[in-house]
Amino acid sequence: MDIRNLLVTGGCGFIGSNFIRHLLAKADFHGRIINADQLTYAGNPENLRGVEEAYPGRYLFRKADICDADLVREIFSHYEIDAVCHFAAESHVDRSILKPDCFIRTNILGTFNLLEAAKGRGSAFQLFHHVSTDEVFGSLGPVGAFTEETPYRPNSPYSASKASSDHLVRAYHETYGLPTTLSNCSNNYGPYQFPEKLIPLVVLNALEGKPLPVYGDGKNVRDWLYVEDHCEAIWTVMGKGRRGETYNVGGRAEMENIAIVEMICDLVDEFAPSSGAGPRRRLITFVKDRPGHDRRYAIDFGKLNGELGWTPAESFASGLRKTVQWYLDNKGWSERICSGEYQSWIKEQYGS
Ligand code: NAD
Ligand code: DAU
C-alpha cells in the first residue's frame with residue numbers, strides 16, 4: 001500500500017495527535033497527512049505544535065465538521081484522498097450519559113458521511129481504517145476476555161454509537177466492496193489526554209490537592225494501553241491487516257480503578273512531594289457510581305499478535321510513570337485547556 005494523501009479525522013484529539021506524530025516519524029510512510037478536525041472542546045491544535053514545520057509539505061490542517069456531507073466530499077476530491085484513518089468522535093462516556101445527541105450525530109452520521117465520500121472515490125481509494133473501542137462488547141464477568149467473535153452488547157450511548165459506526169463500516173465493505181479495516185481497542189493513556197478521563201484527571205487533581213473522585217466501589221476493571229502502542233497497532237493493521245477484518249488491541253494490563261488511583265498518588269508524591277499535607281492517597285473520595293457502569297473489560301489480542309506480529313512495548317508501570325512525568329513537565333498545556341467550558345463540565349459532573 002502506497003498512500004499519497006491520508007485523511008486523519010480528529011487529529012487534534014488525544015490519540016489522533018499522537019498518531020500523526022508517530023506516523024510522520026516512520027520510515028515506511030512517505031505520504032501527506034490531511035487532518036480534518038472540528039476542534040470541539042476535546043480538539044487542541046497545540047497537540048500538534050511544530051509538526052508542520054518539522055515535516056514541510058507533509059502535514060496540513062482543515063477545520064471541518066464530519067457531519068457536513070458537502071464539506072467532507074469537497075475535502076476528499078480537493079486533496080485526492082486515497083486512505084482514511086478515522087478517529088473523530090465524541091469519546092467521553094459520562095458526557096454521553098448527560099447529553100447523547102452529539103454522540104449520535106458525530107459518531108454515526110459523521111462516519112456515514114466519510115464512508116460515502118470514500119466510496120465516491122472509486123478505485124482510487126485504498127483503505128478506510130476505523131478506530132473503535134472495546135466498549136462495544138459490553139461488560140465481562142470476573143473471567144474471560146473479548147475476542148473478535150464476542151457479540152456486540154453496548155451499554156452506554158457512547159458505546160452504542162460506536163457500535164453503530166462499526167456496523168456501517170462492515171456494511172460498506174460487504175455491500176460496496178470498500179477496502180476497510182477496523183480496530184477495537186481498550187483504554188488508552190499517555191501524553192495529551194484531555195483531563196476529563198480518569199488518569200489525567202487524577203494526576204492534575206492530585207497535584208492541586210483536590211479530591212480524587214472514584215466511582216462506586218472502585219473495583220471496576222479496565223485494560224490499559226499506552227497510546228504510542230495503540231498508534232503502532234493501528235499502523236500495523238492498516239499496512240498488513242486483511243481487508244474487511246476487525247482486530248482487537250489491548251495492553252495485557254488489567255487494573256482496578258482504585259489501584260490506578262493509588263499508583264498515581266504515589267507517583268505524584270515521589271515527583272512532587274507535598275509540603276507537610278500528607279500523602280496524596282488522603283484525597284481519594286468515593287462518589288456516586290456511573291449509571292450502567294461496565295464492570296470489567298479485558299482484551300484477547302491473539303489475532304493481531306498471531307497474524308500481524310503486534311505486541312505492546314510498554315508495561316503499565318513504565319507507561320504510567322512516563323505519563324505522570326509528562327503532565328508535570330507540561331503544566332502550561334493543561335492550564336490552557338482547563339477553560340471555562342471544562343470548569344462547567346466539572347461542576348455539572350462532580351457538583352463542585
Ligand atoms: P478525543 O475526544 O481526545 O478526540 C476526539 C477528536 O475528534 C477531537 O479532536 C475533536 O475535536 C474531534 N471531533 C469531534 N467531533 C468532530 C466532528 N463532528 N468533526 C470533526 N472532528 C470532530 O478522543 P480520543 O480519546 O483521542 O479517541 C479517538 C478515537 O479513538 C475515538 O473514535 C474513540 O472512540 C477511539 N478510542 C478511544 C480510546 C481511549 O481510551 N481514548 C480507546 C479506544 C478507542
Ligand atoms: O475502553 C475504551 C474506552 O476507554 C474508550 O472507548 C473511551 O473513549 C475512553 O473514554 C475510555 O472509556 P472509560 O469510560 O473506560 O474511561 P474513563 O477514563 O472515563 O474511566 C475509566 C474508569 O474510571 C471507568 O471505570 C470509570 C472510572 N472513573 C472515571 C472518571 C472520569 C472514575 O472512577 N472516576 C472518574 O472521575
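Above this text sits the structure in question.
Residues numbered from 1 in each chain as written. Chains lettered and ligands numbered in written order. Predicted model: local features only at pLDDT ≥ 70, side-chain atom pairs only at ≥ 80, totals over all residues. Heavy atoms only, no water.

Concerning the sheet that holds strand β7 (residues 187–189)
Keep this limit in mind: By this definition, two strands are paired if DSSP reports at least two bridges between them. Numbering of helices and strands runs from the N terminus; a helix is a DSSP stretch of H or I covering at least four residues, while a strand is a stretch of E covering at least two. To obtain an axis, a line is fitted to C-alpha atoms, over the contacting stretch when the element is a helix, and the angle between two such axes runs from 0 to 180 degrees between their N-to-C directions.
Taken together, three strands build an open sheet; the order of strands is β7-β9-β11 and the sheet is mixed. Strands at the two margins of the open sheet, each flanked by one partner only, are β7 and β11 (254–256). Averaged over all adjacent pairs, the angle separating strand axes in this sheet is 50°, with direction ignored. Sheet topology places strand β9 (residues 221–226) next to β11; three bridges connect them, and they run antiparallel. Across the sheet, Arg222 pairs through a bridge with Met255, a residue of β11.

Let's talk about unusual backbone geometry
For clarity, the cut-off: The classification of residues rests on relative accessible area computed with a 1.4 Å probe and restricted to protein chains. Under 20% of the type maximum is buried, over 50% is exposed, and intermediate values are partly exposed.
Of note in the backbone geometry, Glu80 takes a positive phi value of approximately 50° without being a glycine. The topology assignment puts Glu80 in the loop between α3 (69–78) and β4 (83–86). Given a relative accessible area of 41%, Glu80 falls into the partly exposed group. With a phi close to 50°, Arg252 is a non-glycine residue in the positive phi region. By the element assignment, Arg252 lies in the loop between β10 (246–249) and β11.

Overview of the environment of Gly244
Selection criterion: Between two residues, a contact is recorded if the distance between any of their heavy atoms is within 4.5 Å.
For Gly244, the position within the fold is in the loop between α8 (227–240) and β10. The spatial distance from the C-alpha of Gly244 to the C-alpha of Leu98 is 34 Å, given a sequence separation of 146 residues. Not counting chain neighbours up to four residues away, the residues in contact with Gly244 comprise His173 and Thr180.

A short note on the site of ligand 2
Threshold: The cutoff for a nearby residue is simple: one of its non-hydrogen atoms must lie within 4 Å of the molecule or strand. N or O atoms within 3.5 Å of each other form a polar contact, as long as, within protein, one can give a hydrogen and the other can take it, and as long as residues adjacent in sequence are counted only when both atoms are side-chain atoms. Here the open area of atoms and residues is found with the Shrake-Rupley method and a 1.4 Å probe, where only the protein chains shown may cover a residue. Only Asp, Glu, Lys and Arg are considered charged, only Ala, Val, Leu, Ile, Met, Phe, Trp, Tyr, Cys and Pro nonpolar, and every remaining residue, Gly among them, polar.
Surrounding ligand 2, one finds 24 residues, the nearest of these being Asp134, Tyr158, Arg290, His293 and Tyr350. A distance of 2.7 Å separates an oxygen atom of ligand 2 from a polar atom in the side chain of Thr133. Contacts to ligand 2 include Asp134, whose side-chain N or O atom sits 2.5 Å from an oxygen atom. Starting from 690 Å² of accessible surface for ligand 2 in isolation, the protein chains cover 95%. Contributions of two or more residues to the shell around ligand 2 are made by α7 (198–208) and β8 (212–215). With three residues, β8 is the largest single contributor of residues to the shell around ligand 2. For the shell around ligand 2, the residue count by class is 10 nonpolar, eight polar and six charged.

Things to note about the site of ligand 1
Around ligand 1, a shell composed of 28 residues is seen, among which Ile15, Asp37, Ser91, Tyr158 and Lys162 lie nearest. The side chain of Thr106 places a nitrogen or oxygen atom 3.1 Å from a nitrogen atom of ligand 1. Within the backbone of Asn188, one N or O atom sits 2.8 Å away from an oxygen atom of ligand 1. Here ligand 1 loses 96% of its free accessible area of 840 Å² to cover by the protein chains.

What about the side chain of Glu314?
Residue placement: Glu314 occurs in the loop between α10 (302–308) and α11 (316–329). Of note is the side chain of Glu314, whose polar atom sits 2.8 Å from the side chain of Lys322. If near-sequence neighbours (up to four positions away) are discounted, Glu314 is found in contact with Tyr226, Asp229, Gly319 and Lys322.

Side note on the pattern of salt bridges
Our working rule: We define a salt bridge as a side-chain nitrogen of Lys or Arg found within 4 Å of a carboxyl oxygen belonging to Asp or Glu.
Summed over the entire model, instances satisfying the criterion amount to 22 salt bridges. Residues Glu208 and Lys210 are paired through a salt bridge, measuring 2.8 Å at the closest nitrogen-oxygen approach. A salt bridge links Lys322 to Glu314; its shortest N-O distance comes to 2.8 Å. Judged by relative accessible area, Lys322 falls into the partly exposed class, the value being 42%. Put simply, Arg242, Glu245, Lys303 and Glu307 are held in one network by salt bridges that share partners.

Re helix α13 (residues 340–350)
As a reminder, the rule being used: The directions from the helix axis to the C-beta atoms form the arc being described.
Among the residues making up α13, those that are buried are Tyr342, Trp345 and Ile346. Projected down its long axis, α13 shows its buried positions confined to an angular sector of 100°, all on one face. Of the exposed residues in α13, the ones pointing more than 90 degrees away from its buried face are Gly340 and Lys347. The inward-facing, buried residues of α13 abut α4 (93–98), α7 and α12 (331–337).

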